[in-house]
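# Secondary and tertiary structure notes
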Amino acid sequence: MKDLGDITPQNPQQGFQFPGVFEITALGSARAELENEVLRIITEAGLSVLAEAVRVRPSREGNYVSVTASFMCPTREKYDEVHAALRAHPEIRWTL
């Protein structure tokens, strides 16, 4: 099995390119003021959220909400750090 660090795209225009703008979606409880939490977690990681690119969408019954935010990210490590921090939050169920 290949080490993930050894995998490179066959086409340089394919896959994640750092630095760049990335989008992340967190899904969780509608009671948790998730929009503020997602933005806080991203900025605490030292990344810049693009304020005009934040979307909040409630579930059909209003129990859950998804928050999608775009942010500037310099490295894959920072990208992974944000995903891990969001997944560690007790009110966030999934990240995409």
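The rules behind these values
Residues numbered from 1 in each chain as written. Predicted model: local features only at pLDDT ≥ 70, side-chain atom pairs only at ≥ 80, totals over all residues. Heavy atoms only, no water. Salt bridge = Lys/Arg side-chain N within 4 Å of Asp/Glu carboxyl O. Helix = DSSP H or I, 4+ residues; strand = E, 2+ residues; numbered from the N terminus. Buried < 20%, exposed > 50% of the residue type's maximum accessible area, 1.4 Å probe, protein only. Core = buried A, V, L, I, M, F, W, Y, C linked by side-chain atoms within 4.5 Å. Contact = heavy atoms within 4.5 Å. Phe/Tyr/Trp six-rings, centres within 6.5 Å; stacked < 30°, edge-to-face > 60°. Pairing = 2+ DSSP bridges. Polar contact = N/O pair within 3.5 Å; in protein donor to acceptor, adjacent residues only side chain to side chain. Expected span 1.5 Å × (residues − 1). Arc of directions from axis to C-beta.

A word on the pattern of salt bridges. A full pass over the atoms with the stated rule returns 5 salt bridges. Here Arg55 and Glu23 are joined by a salt bridge, their closest N and O atoms 3.4 Å apart. Separated by 32 residues along the polypeptide, Arg55 in strand S2 (residues 48-58) and Glu23 in strand S1 (residues 20-29) bring together distant segments of the chain. Residue class for Glu23 comes out partly exposed when judged on its relative accessible area of 41%.

This part takes up the nonpolar core. Residues Leu34, Val38, Ile42, Leu47, Phe71, Val82 and Leu86 are the most contacted members of the largest nonpolar core, which totals 20 residues. If you list the elements that add at least two residues to this core, you get S1, helix H1 (34-44), strand S3 (64-73) and helix H2 (76-88). With 5 residues, S3 is the largest single contributor of residues to this core. Excluding residues within four positions of it along the chain, Leu47 makes contact with Ile42, Phe71, Met72, Cys73, Pro74, Lys78 and Val82.

So, on to the environment of Val56. Its place among the elements puts Val56 in strand S2. Along the chain, Val56 and Thr25 lie 31 residues apart, while their C-alpha atoms are 9.4 Å from each other. Excluding anything up to four places from it in sequence, Val56 contacts Glu35, Val65, Ser66 and Val67.

So, on to the packing of aromatic side chains. Evaluated as defined, the whole model comprises 4 aromatic pairs. For the ring pair Phe18 and Phe22, a centre distance of 4.7 Å and an interplane angle of 25 degrees mean the geometry is stacked. With a centroid separation of 6.4 Å and an interplanar angle of 20 degrees, the aromatic rings of Phe71 and Tyr79 are classed as stacked. The same class applies to Phe71 and to Tyr79, which are both buried. By way of ring pairs, the aromatic residues Phe18, Phe22, Phe71 and Tyr79 are connected into one cluster.

Attention now moves to the pairing of S2. Summarising the sheet, S2 and S3 pair through 7 bridges and their orientation is antiparallel. For Ser48, the partnering residue across the bridge sits in S3 and is Met72. With antiparallel pairing between neighbouring strands as the criterion, S2 and S3 make up a hairpin whose turn holds 5 residues, including Gly62 at a positive phi of roughly 80 degrees.

What follows is about the side chain of Thr25. Its place among the elements puts Thr25 in strand S1. Polar contacts involving the side chain of Thr25 include one to the side chain of Thr68, which spans 2.8 Å. Look past the residues within four positions of Thr25 in its chain and what remains in contact with it is Ser66, Val67, Thr68, Trp94, Thr95 and Leu96.

Spanning 13 residues, H2 covers 18 Å between terminal C-alpha atoms, matching the ideal 18 Å at 1.5 Å per step. Along H2, the residues that are buried comprise Tyr79, Val82, His83 and Leu86. Buried residues along H2 cover an arc of 95 degrees about the axis, so they all sit on one side. Relative to its buried face, H2 has exposed residues pointing more than 90 degrees away, namely Glu77 and Ala88. Residues of H2 that are buried in the fold lie against S1, H1, S3 and strand S4 (92-95).

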